[in-house]
Amino acid sequence: MDIIPHFKHILTVAGIYLTTAIPVFSQSWPEITIESCPATRWWWLGSAVDTANLTYNLETYAQAGLGGVEITPIYGVQGNDTHEIPFLSPTWMRMLQHTCSECKRLGMETDMNAGTGWPFGGPMISLENAATKAIFQEYTAQEGERLRIAIEVEDPKQRGVASLNRLMAFSDKGKRIDITSKVKNNWLDWTAPPGNWRLIALFCGKTFQQVKRAAPGGKGYVMDHFSGKAVKQYFATFEQAFRENKVPYPHTFFNDSYEVYGADWTPGLLTEFAHRRGYRLENYLPEFLNPVRTDTTARILSDYRETLAELLLENFTRQWTDWAHKNGSITRNQAHGSPANLIDVYAAVDIPECEGFGLSQFHIKGLRQDSLTKKNDSDLSMLKYASSAAHIAGKPYTSTETFTWLTEHFRTSLSQCKPDMDLMFVSGINHMFFHGTPYSPKEAEWPGWLFYASINMNPTNSIWHDAPSFFDYITRCQSFLQMGKPDNDFLIYLPVYDMWDEQPGRLLLFSIHHMAKLAPKFIDAIHRINNSGYDGDYISDNFIRSTRFKDGQLITSGETGYKALVVPAAHLMPNDVLAHLLKLAQQGATIVFLENYPTDVPGYGQLEQKRKTYQQTLQKLPSVSFSETTVTPIGKGKIITGTDYARTLASCNIPQEEMKTKFGLQAIRRVNDSGHHYFISSLQDKGVNDWVTLGTKAKAAALFNPMTGECGEAKVRQTGEQTQVYLQLKSGESVILQTYQQPLQAARPWNY
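Residues numbered from 1 in each chain as written. Predicted model: local features only at pLDDT ≥ 70, side-chain atom pairs only at ≥ 80, totals over all residues. Heavy atoms only, no water.

Novice: Explain the overall build of the protein chain to me, please; I cannot follow it from the model alone.
Specialist: Along its length, the protein chain carries 18 helices and 37 strands. Compactness check: the protein chain gives a C-alpha radius of gyration of 28 Å against a globular reference of 27 Å for 752 residues, within 12% of the reference. Oriented by its inertia axes, the alpha-carbon framework of the protein chain measures out at about 95 × 75 × 45 Å. Sorting the 752 residues of the protein chain into buried and exposed places 62% on the buried side. When contacts within the protein chain are restricted to residue pairs at least 6 apart in sequence, long-range pairs at least 24 apart make up 79% of them. Accessible surface, the protein chain: about 28900 Å² in total, of which carbon and sulfur atoms supply 49%. Each charge class in the protein chain was averaged separately, 72 positive and 77 negative side chains, and the resulting centres sit 3 Å apart. (Helix = DSSP H or I, 4+ residues; strand = E, 2+ residues; numbered from the N terminus. Rg over C-alpha atoms; globule rule 2.2 N^0.38 Å. Buried < 20%, exposed > 50% of the residue type's maximum accessible area, 1.4 Å probe, protein only. Contact = heavy atoms within 4.5 Å. Areas by Shrake-Rupley, 256 points an atom, 1.4 Å probe, with all protein chains shown as cover. Lys, Arg positive; Asp, Glu negative; His and termini not counted. Charge placed at Lys NZ, Arg CZ, Asp CG, Glu CD.)

Novice: Before we go on, may I ask you to explain the packing of aromatic side chains in this structure?
Specialist: What describes a pair of aromatic rings is the distance from one ring centre to the other and the angle between the planes of the rings. Counting across every chain of the model gives 57 aromatic pairs. Positioned above the aromatic ring of Phe-433 is the side chain of Arg-332, whose terminal nitrogen or guanidinium carbon lies 3.7 Å from the ring centre. When the ring centre of Tyr-645 is taken as reference, the NZ or CZ atom of Arg-528 above it lies at 4.4 Å. (Phe/Tyr/Trp six-rings, centres within 6.5 Å; stacked < 30°, edge-to-face > 60°. Lys NZ or Arg CZ within 6 Å of the ring centre and 35° of its normal.)

Novice: So what exactly am I meant to see when it comes to helix H16 (residues 607-618) here?
Specialist: An α-helix turns once per 3.6 residues; consequently, residues spaced three or four apart project the same way. Its twelve residues place the ends of H16 16 Å apart at the C-alpha level, agreeing with the 16 Å of an ideal helix rising 1.5 Å per residue. Along H16, the residues that are buried comprise Leu-607, Tyr-614, Thr-617 and Leu-618. Each buried residue of H16 sits inside an arc of 95° when the element is viewed along its axis, so together they form one side. Away from its buried face by more than 90 degrees, H16 exposes Glu-608, Gln-609 and Lys-612. Buried residues along H16 sit in contact with helix H6 (295-326) and helix H15 (575-587). (Expected span 1.5 Å × (residues − 1). Arc of directions from axis to C-beta.)

Novice: Could you clarify how one ought to interpret the side chain of Arg-305 in this entry?
Specialist: For Arg-305, the position within the fold is in helix H6. Of the side chains with opposite charge, Asp-501 comes closest to the buried, unpaired Arg-305, at an N-O distance of 7.7 Å. In this structure the side chain of Arg-305 is engaged in a polar contact, spanning 3.1 Å, whose partner is the backbone oxygen of Pro-504. Setting aside residues no more than four positions away along its own chain, Arg-305 makes contact with Arg-293, Pro-339, Met-499, Trp-500, Gln-503, Pro-504, Gly-505, Arg-506 and Leu-508. (Salt bridge = Lys/Arg side-chain N within 4 Å of Asp/Glu carboxyl O. Polar contact = N/O pair within 3.5 Å; in protein donor to acceptor, adjacent residues only side chain to side chain.)

Novice: Honestly, the sheet that holds strand S11 (residues 183-184) in this entry has me stumped. Any pointers?
Specialist: Pairing between the strands of a sheet is mediated by backbone hydrogen bonds and can be parallel or antiparallel. Here three strands make up an open sheet; going across it, the order is S8-S12-S11 and the pairing antiparallel. At either end of the open sheet lies a strand with only one pairing partner, and these are strand S8 (146-150) and S11. Note that S8 and strand S12 (residues 187-191) share five bridges and pair antiparallel. The partner of Arg-146 across the bridge, within S12, is Thr-191. (Pairing = 2+ DSSP bridges.)

Novice: I tried to follow a nonpolar patch on the surface on my own but got confused; where do I start?
Specialist: Residues Phe-410, Trp-446 and Leu-450 make up a contiguous nonpolar surface patch of about 320 Å² in total accessible area. Locating Phe-410 in the fold gives a position in the loop between strand S18 (399-404) and helix H9 (414-426). (Patch = residues over 30% accessible without salt bridge, like charges linked within 9 Å, V, L, I, M, F, W, Y side chains within 5 Å.)

Novice: How do you make sense of empty space enclosed by the protein when you look at a structure like this?
Specialist: Rolled over the atoms, a probe with the dimensions of a water molecule shows which regions are left empty. Following the criterion strictly, the structure yields five cavities of 30 Å³ or more and no others. Size it by volume and the largest cavity reaches roughly 80 Å³. Taken together, Asp-487, Asn-488, Asp-489, Tyr-534, Asp-535, Glu-657, Met-659, Lys-660, Ala-667, Ile-668, Arg-669 and Tyr-678 make up the lining of the largest cavity. Those elements that provide at least two residues to the lining of the largest cavity are helix H18 (658-661) and strand S30 (666-672). Considering each element in turn, the lining of the largest cavity owes the most residues, three residues, to S30. Looking at the lining of the largest cavity residue by residue, the classes come out as five nonpolar, one polar and six charged. (1 Å grid on protein atoms, 1.4 Å probe; cavity = no way out; pocket = protein on both sides within 12 Å on 5 of 7 lines; lining within 4 Å. Points joined across faces, edges and corners; volume = space filled by probe spheres on them. Nonpolar A, V, L, I, M, F, W, Y, C, P; charged D, E, K, R; others polar.)

Novice: Quick question: what am I supposed to make of the environment of Pro-90 here?
Specialist: Relative to the helices and strands, Pro-90 is located in helix H2 (residues 90-106). A relative accessible area of 47% means that Pro-90 is categorised as partly exposed. Placed 600 residues apart in sequence, Pro-90 and Asp-690 show a C-alpha to C-alpha distance of 63 Å.

And the structure:
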């Protein structure tokens, strides 16, 4: 049976075949690719699949307009145990191979979760390589006292599992002694030197966390993501399965959000800490464990958090991506929830992926309200972590786990989905995945097989009847959002050292649901910048170090250009990063400090020496009062300081987007060979019917309706040095605007 994927039909819009020769600069929709089309997380319940129903499901999806599936095996359907297929078994691998072959025939892509359920783990993970946590126990000794005691973990669950990592002795006179070697066969024999002594034992215990929602053949311990050895062992099992079954690797391997709970240690952490931070953490265990958050404690905890972040980035994220590349695949990853600098971890994979969790309230006129809704914790500031990483690293796609828990099963309407889809588009997402679609055999009684999470985007849901039109909308939007390059105004410094320094506790996880508490000042800054008519991408310290100034722009390592770099009220910054910002300004860049200069260096190692060097760099910055906006020439560039966001940013002389400041529209702008293009949405209780001044210059413009496929030349006029375009949008509507540097030829007018 020959199936023509639905997305091929939308190449015909408004009576114009896009493959027909079109005069230069005439308005037209971009070419539709597989990546332009929406994809979906495809839950294999119990992996109880068969070739006939795999084909049936895939053909149904392709006909509706889906461009790809992400296989995620999970637990099975009740009473269907006999049909379940163990993960990575020869039969399972044959089902994967059949899926890949059918997707290729249907013009779809096959992605695969590199595990079952979440997070990564399973039967291949021994207890030795399982997620690890630190366990601290304390003892006391007086001067001259001989201690002959058992040094064993007190928690009965950890006995026989937890191993002694260090035993340190601290005197009231300031002495520190490593007495680990005095422990033989779990017994300590040690006589206390002069002074009163506090002994702290550090054990490497296990969290015993099991893979959540594991599929048959996938149950087992969650792996130690900080251990290169554990990660290597995990993926060796996959290599063996693909090699022995002679099955090609899928297009993409996927990793869900980091939901590893309580894993705050790894056996080699002390060695890595000393190598990376320049001092031994075990010598400062009293400060590290101090419940009173002194400056010293905060700094040591910040160093610990930075070390965990580096281990996750290097031992898990990069190793996983290198492994996938070696086998001809790419990686797609959700970094949120992890303890790392989210920008660096997102940027280390091929496709950074964010997540929308809940329903946003935009007060759109006429939109049905549902009493069973979950508030969306992923606002624009959260969604932009993934897209920022993609932009600064030069990654073409940012994906999203879309519509997780908007309302309940069979209650979510497509009209409720569309505004949150638009929010993701204006946040930089351009490669969406539904959450999700359960595999369901044709013979299953209605409503078929279901997963507990919404929105259930499958043929048994009543919204499937109209889903192809929604898929068309997404495809048209993404065809533009994948075209060209990002054109955001600012690089915005992510003050992760402030977060590591300020937040209580030991293990700090950057989860979607807690970001409002973890980074309230940064979130406020992002919304202020956006509301001032600009857009920006977050940048980490590591990416600042490789950013250069060229041809009037700041250029990141991903070859993306920006007009200025903004540091929003950061207090801690490494000296080499501040020095590099000063160097960029001297070369011609615009650097903006909002509210204050960073006042100190992070961390504890070599603190006084680092502070001395930092003060020398700080003294090279202009001496200003932040109560006023000040523009100070520095070499060929300038440093701008101030507290008033709108006034200070305006001093950059970067045109604002009036559609944001005056009309309340949400938008994202990209640059292409012939001009710029915008995705614009009225996510508010009003629309617009007016001339709108653009932040870019143009001689012509075209409007594209992604809902209907209509397009036409827009009304454009010049007012002085600015370009205005006439926009008409109702509350909740969206449109794509493309500008051109040359007049359009043979162009039909937009139907206002």
